[in-house]
Amino acid sequence: MVGKLTRMTTEQSRAWLALISTAELLPAALDAQLQRDAQLTHYEFILLSALQRNGTMRLSELAAATNATLPRTSKVVTRLQQRDLVEREESAEDRRAVQLTITKEGRRRLVLATPGHFATVHETVLDKLTDEQLTALADALEPIVEGLDPQRRFGPF
């Protein structure tokens, strides 16, 4: 209900602050590792990963798949293209559409970044939790993601 002040219980406040703090702090930790190991930002890593998984994609599809605006995605793709990590071509079917593919250098950079990225994910999140806590975390967050992403752009879990 918009406009009505709804107080949080102590446990709700604790959960909310833990969630929002994680959402704020985790990207910086991931960026630091990716910058160090592969000169990539976390968003560039996600974008290259999407292209690696899907092959050729339209700019609009890539923006949707990475939960970004079209202008942001276009700007990042331009930077990646200048670094020879992504190729951009006009679509043969629709001249207004842009088709994107990851280059050989983009795949190499992704391969270089992945081991450190996985290690950082383990060190910052996964290894801090027991198997039971990981299950509880996934069980708690999946309904939230489903509510925020009804089109399931981030895939089924």
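Note that this is a predicted model, so its numbers are computed, not measured.

Scanning the chain for helices and strands turns up 6 helices and 3 strands. Overall, the chain shows an N-to-C arrangement of helices and strands of α-α-β-α-α-β-β-α-α. When its C-alpha atoms are laid out on the principal axes, the chain stretches across 55 × 40 × 25 Å. Across the chain, contacts joining residues at least 24 apart in sequence account for 52% of those joining residues at least 6 apart.

As defined by bridge partners, strand β1 (residues 57–58) adjoins strand β3 (residues 98–102) across 2 bridges and the pair is classed as antiparallel. Paired with Met57 across the strands is Leu100, a residue of β3.

Scanning all chains against the criterion turns up 6 salt bridges. One salt bridge in this structure joins Glu11 and Arg14, with 2.6 Å as the shortest N-O distance. Note that Glu11 and Arg14 are positioned in helix α1 (residues 10–38) at a spacing of 3 residues, about one turn of the helix. Looking at Arg14, the relative accessible area reads 58%, which means it is exposed. Across the salt bridge formed by Asp37 and Arg36, the nearest N and O atoms sit 3.3 Å from each other. For Asp37, a relative accessible area of 31% puts it in the partly exposed group. Shared partners join several salt bridges into a network, and the residues in it are Glu44, Arg79 and Arg83.

Since one α-helical turn is 3.6 residues long, residues separated by three or four positions face the same way. With 13 residues, helix α2 (residues 42–54) extends 18 Å between its outermost C-alpha atoms, agreeing within 8% with the 18 Å of an ideal straight helix rising 1.5 Å per residue. Of the positions making up α2, those classed as buried are Tyr43, Glu44, Phe45, Leu47, Leu48, Ser49, Ala50 and Leu51. Positive backbone phi, approximately 75°, marks Gly55, located one or two places after α2.

One pass over the full model with this rule turns up 0 aromatic pairs. In this structure, Arg72 packs its charged tip against the face of Tyr43, placed 3.9 Å from the ring centre.

In space, the 3 strands of this open sheet follow the order β1-β3-β2, with antiparallel pairing throughout. With one partner strand each, in any of the chains shown, β1 and β2 (86–90) form the two edges of the open sheet. Packing of helix α4 (residues 70–82) onto the sheet brings it into contact with β2 and β3, and relative to β2 it is tilted by some 115°.

In contact at an axis separation of 11 Å, α2 and α4 are set at 85° when each is read in the N-to-C sense. Considering their axes alone, α2 and α4 lie roughly perpendicular with respect to each other. Of the residues in α4, those in contact with Tyr43, Glu44, Leu47 and Leu48 of α2 are Arg72, Thr73, Val76, Val77, Arg79 and Leu80. Residues that form the contact of α2 with α4 fall into these classes: 6 nonpolar, 1 polar and 3 charged.

Calculation notes
- Residues numbered from 1 in each chain as written.
- Predicted model: local features only at pLDDT ≥ 70, side-chain atom pairs only at ≥ 80, totals over all residues.
- Heavy atoms only, no water.
- Helix = DSSP H or I, 4+ residues; strand = E, 2+ residues; numbered from the N terminus.
- Contact = heavy atoms within 4.5 Å.
- Pairing = 2+ DSSP bridges.
- Salt bridge = Lys/Arg side-chain N within 4 Å of Asp/Glu carboxyl O.
- Buried < 20%, exposed > 50% of the residue type's maximum accessible area, 1.4 Å probe, protein only.
- Expected span 1.5 Å × (residues − 1).
- Phe/Tyr/Trp six-rings, centres within 6.5 Å; stacked < 30°, edge-to-face > 60°.
- Lys NZ or Arg CZ within 6 Å of the ring centre and 35° of its normal.
- Axes fitted to C-alpha atoms, helices over the stretch in contact; angles between N-to-C directions.
- Parallel < 35°, antiparallel > 145°, perpendicular 65-115°, else oblique.
- Nonpolar A, V, L, I, M, F, W, Y, C, P; charged D, E, K, R; others polar.

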